[in-house]
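Structural overview
What follows is each chain in one-letter form.
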Amino acid sequence: MTLVSPPKSSTGEQKGWERVPRVVCPGSFDPVTNGHLDIIARAAGVYDEVVVAVLINVTKQSLFTVDERVEMLQQVTGQYANVTIDRFHGLLVDFCAANGISAVVKGLRAVSDFEYEMQMAQMNYRMAKVETMFMTANPDYSFLSSSLVKEIARYGGDVSGLVPDLVLGRLRERLAEK
Ligand code: PNS
């Protein structure tokens, strides 16, 4: 592996990361939607290795357990040989450091996402010089979120086409139990 030195003309501060082409797509994924999947698939087309990391957040109530979310992600990303699924708690930058990851890939759906995402990106860079690469959401999914999917499904609305079929089945099962 080659260590890259900053170009002589560079005025920007650079960390001199090894250019390990491994990135992380972090999130709650409660549950994974077609919008998430679109970003994961596109990231897998650009980077050598994509780690999808599910946040373990004990303070937030979720519809699916972390194990269930990880398992669903494994199933729906099974066709991408360079995608792996993991979980983390605590700071994302610590997960990155522990796994040799120098960049985060995030999807941006709308301007409303931008402010918070930029804040996190700048903070992650400030804390550990972890970069964030933004991908614009596929317009077919730019209105989509896990929360909306859950709300619509909870009230009997149709979310087919918005989540993978496997997730659709799991959503129906879980909501029927309630
Ligand atoms: O799918 P979400 O819930 O929008 O994902 C948010 C996530 C998990 C990417 C973000 O909350 C996160 O990175 N959490 C880990 C804790 C952390 O590092 N916080 C400081 C961010 S600057």
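Here's what I pulled together on the structure shown here. Just so it is clear, the structure is predicted and the values come from calculations on it, not from any experiment. (Residues numbered from 1 in each chain as written. Predicted model: local features only at pLDDT ≥ 70, side-chain atom pairs only at ≥ 80, totals over all residues. Heavy atoms only, no water.)

**Considering the pattern of salt bridges**
We count it as follows: Any carboxyl oxygen of Asp or Glu within 4 Å of a side-chain nitrogen of Lys or Arg constitutes a salt bridge here. Helix and strand labels come from DSSP, where a helix needs a run of H or I of at least four residues and a strand needs a run of E of at least two; each type is numbered from the N terminus. Relative accessibility thresholds used throughout: buried, under 20% of the residue-type maximum; exposed, over 50%; partly exposed, between the two (1.4 Å probe, protein chains only).
Applying the stated rule across the entire model yields 10 salt bridges. R69 is the salt-bridge partner of D30, the closest N and O atoms lying 3.8 Å from each other. Here D30, found in the loop between β1 (22-27) and α1 (34-46), pairs with R69, found in helix α2 (residues 66-76); they are 39 residues apart in sequence, far enough to count as distant. Accessibility assignment for this pair places D30 and R69 in one class, buried. The partner of E177 in a salt bridge is R174, and the shortest N-O contact between them spans 3.0 Å. In this pair, E177 and R174 both sit in helix α6 (residues 165-177), 3 residues apart, roughly one turn of the helix.

**Topic: the sheet that holds β1**
Worth spelling out the cut-off: We treat two strands as partners when DSSP finds at least two bridges between them. Only the stretch in contact is used when fitting a helix axis, every axis being a line fitted to C-alpha atoms; angles between N-to-C directions are given from 0 to 180 degrees.
Strand order in the open sheet formed by 5 strands is β3-β2-β1-β4-β5, with parallel pairing between adjacent strands. The open sheet has two edge strands, β3 (83-88) and β5 (131-136), and neither has a second partner. Neighbour to neighbour, the strand axes of the sheet diverge by 30° on average, direction disregarded. With 2 bridges joining them, β1 and strand β4 (residues 103-108) adopt parallel strand pairing. Bridge pairing in β4 links V24 to V104.

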